[in-house]
Amino acid sequence: MKGQTGDDYGLLLSKKFVDRQFWADSSATLKRRDNWNDNPSFVVADKTTAGDDILRFNGDLAAVPDEGTVLERYRNGNSVFIRGIFPIHDVAGRTVGAMFVVRDISAVYLEMRRTQIVLVLVIVVSLLLGMTLVLILLHRLVFKRLHRIIRVATRVVGGDFESAISVTSDDEVGQLEQLFEQFRQVFVDILAQFTVLQEKQ
């Protein structure tokens, strides 16, 4: 299987379903070490790795779902791996062991990271464009009009009583324009009356 998929595998069997003497005899026949005492509840039937890291599992084999489950994701150098477990059932449906699988998902992981980076860039660019649009609208709808009010008010204070503030809309800034225009008219009227009073004296 490893030659076909490139994945690493580990097969363990629960001791409850394996005869001790049969295991010792088969280990001797296959000329391999008898590993019965390596683990309290299971024996390792076979594995494609030198170490036993692939077989680390502290849970209950009977609780592993039929479709299997991912135990962990880890890195080894620049490669990313996932380790999973699948239960093995006998004809009665009892969980008699488990198959551990380690799969190299570096290509998929890198593609996911690229997709994440592209999405983040798209979001950032969208936010920047949105902020730029909001600033342009604020400039056109608020700041530019406020600047025009300030410019007219400065002219009136400087003696140019003919400059008028034109009301451009009914929004809040338009109401402010209207208020300043009324203030300008009252100011010009007061100055005119004051000039007339001075001329009479």
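Residues numbered from 1 in each chain as written. Predicted model: local features only at pLDDT ≥ 70, side-chain atom pairs only at ≥ 80, totals over all residues. Heavy atoms only, no water.

> Would you explain the pattern of salt bridges in this entry?
Two side chains carrying opposite charge are able to pair once their charged atoms lie near each other. Considering all chains together, one arrives at ten salt bridges under this definition. One salt bridge connects Arg 56 with Glu 72, and the closest N-O pair in it is separated by 2.7 Å. Of this pair, Arg 56 sits in the loop between strand S2 (42-47) and strand S3 (69-76) while Glu 72 is found in strand S3, placing the two residues 16 residues apart along the sequence. By relative accessible area, which is 41% here, Arg 56 ends up partly exposed. (Salt bridge = Lys/Arg side-chain N within 4 Å of Asp/Glu carboxyl O. Helix = DSSP H or I, 4+ residues; strand = E, 2+ residues; numbered from the N terminus. Buried < 20%, exposed > 50% of the residue type's maximum accessible area, 1.4 Å probe, protein only.)

> Whenever I open this one, the sheet that holds S2 confuses me. Can you help?
Adjacent strands of a sheet form backbone hydrogen bonds with each other and so pair up, either parallel or antiparallel. The five strands are arranged S2-S1-S5-S4-S3 in an open sheet whose pairing can be described as antiparallel. Two strands close off the open sheet at either side, each with one partner strand: S2 and S3. Taking the axes of each pair of neighbouring strands and ignoring which way they run, one obtains an average angle of 20 degrees across the sheet. In the sheet, strand S1 (residues 8-14) pairs with S2 via five bridges, with the strands oriented antiparallel. Looking across to S2, one finds that Gly 10 is bridged to Lys 47. Most of the contacts of helix H3 (residues 106-157) go to strand S4 (residues 79-89), to which it runs at about 120 degrees, and overall it touches S3, S4 and strand S5 (95-104). (Pairing = 2+ DSSP bridges. Axes fitted to C-alpha atoms, helices over the stretch in contact; angles between N-to-C directions. Contact = heavy atoms within 4.5 Å.)

> I keep staring at a nonpolar patch on the surface and nothing clicks. Help me out?
Residues Phe 161, Leu 176, Leu 179, Phe 180, Phe 183 and Phe 187 make up a contiguous nonpolar surface patch of roughly 520 Å² in combined accessible area. With respect to the helices, strands and loops of the structure, Phe 183 is situated in helix H4 (residues 172-200). Classification of Phe 183 by relative accessible area gives exposed; the value is 56%. (Patch = residues over 30% accessible without salt bridge, like charges linked within 9 Å, V, L, I, M, F, W, Y side chains within 5 Å. Areas by Shrake-Rupley, 256 points an atom, 1.4 Å probe, with all protein chains shown as cover.)

Shape is all these values report; function is a separate question.
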